[in-house]
Amino acid sequence: MVYGVIVAILFAGDFFLKRQVEEKIEKDQQHEVCGGKIVIQKYYNNGAALNFMEKRPKVLRSFCGGIVLIVGIIWYLFLREKRNPGVLLGLSLMLGGGASNLYDRIIKGHVVDYFSFRTPWNWFNKIVFNISDMFIFAGSILVVLFGKGK
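Just so you know, these numbers come straight off a predicted model, no measurement behind them. (Residues numbered from 1 in each chain as written. Predicted model: local features only at pLDDT ≥ 70, side-chain atom pairs only at ≥ 80, totals over all residues. Heavy atoms only, no water.)

> How should the packing of aromatic side chains be read in this particular structure?
Aromatic ring pairs are reported here in terms of the distance separating the ring centres and the angle at which the planes meet. Counted by the stated rule, this structure contains 9 aromatic pairs. Ring geometry for F11 versus Y103: centroids 5.8 Å apart, planes at 80°, classification edge-to-face. Taken together, the residues span a long stretch of sequence, with F11 in helix α1 (residues 2-24) and Y103 in helix α3 (residues 85-107) at a distance of 92 residues. Relative to F124, the ring of W123 has its centre 5.6 Å away and its plane inclined at 75°; by these criteria the two rings are edge-to-face. In textbook terms, an aromatic cluster arises when at least three aromatic residues are bridged by ring pairs, as seen for Y114, F115, F117, W123, F124 and F129. (Phe/Tyr/Trp six-rings, centres within 6.5 Å; stacked < 30°, edge-to-face > 60°. Helix = DSSP H or I, 4+ residues; strand = E, 2+ residues; numbered from the N terminus.)

> Honestly, the pairing of strand β1 (residues 30-33) in this entry has me stumped. Any pointers?
Put simply, side chains in a regular strand alternate between the two faces of the sheet. Two elements, β1 and strand β2 (residues 38-45), share 4 bridges in a ladder whose sense is antiparallel. When the sheet's bridge partners are listed, Q30 is paired in β2 with Q41. Hairpin connection between β1 and β2: a loop of 4 residues separates the two successive antiparallel strands, and C34 in this loop has a positive phi of roughly 55°. (Pairing = 2+ DSSP bridges.)

> Where do I start with the nonpolar core in this structure?
Side chains of a nonpolar character, in soluble globular proteins, are inclined to be buried together. V71, W75, F78, L88, L91 and L95 are the most contacted members of the largest nonpolar core, which totals 15 residues. Looking at this core, the elements that each hand over two or more residues are α1, α2 (57-81) and α3. Each residue touching L91, except ones within four places of it in the same chain, is listed here: V71, I74, W75, F78 and V143. Grouped together as the second largest cluster of nonpolar side chains are 7 residues, V21, V112, F115 and I127 included. (Core = buried A, V, L, I, M, F, W, Y, C linked by side-chain atoms within 4.5 Å. Buried < 20%, exposed > 50% of the residue type's maximum accessible area, 1.4 Å probe, protein only. Contact = heavy atoms within 4.5 Å.)

> Before we go on, may I ask you to explain α1 in this structure?
Within an α-helix, residues lying three or four positions from one another point in the same direction, as the helix has 3.6 residues per turn. Look at α1: 32 Å from first C-alpha to last across 23 residues, which is about the 33 Å you get at 1.5 Å a residue. Of all the residues in α1, the buried ones are Y3, V7, L10, D14, K18 and V21. Against the buried residues of α1 lie β2, α2, α3, β3 (111-117) and α5 (131-147). (Expected span 1.5 Å × (residues − 1).)

Here it is in structure tokens:
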């Protein structure tokens, strides 16, 4: 039950943040926070990470849907057997984040991204994220760390 609540809260939280960005930030506006280390902005990502496959939205939507479905099935199997809480938490993060981005892709035709980092690496500064991306990344790390040898 707890893991289902986690998925729902992550989905709803990012949905809310994306809605706030859509309503309150103009396309070319940038707001620096955390002493300029984070920049809040509105960016519509038509592709996957780094605009990968932006010219093939139907294929990308199907691919992302398939990944979310597979993660969901694995999540359900782990949940049903009450196996490995670390992996289950990781899968929950991945499922909540992946479902949120897939929802955007299906309903809006793009994913709403809204923050980037200011670092010494210019190439990294150009990447715009959303919280779901962070959930997916963190969940993947948890699955790798807690899934070893099990």
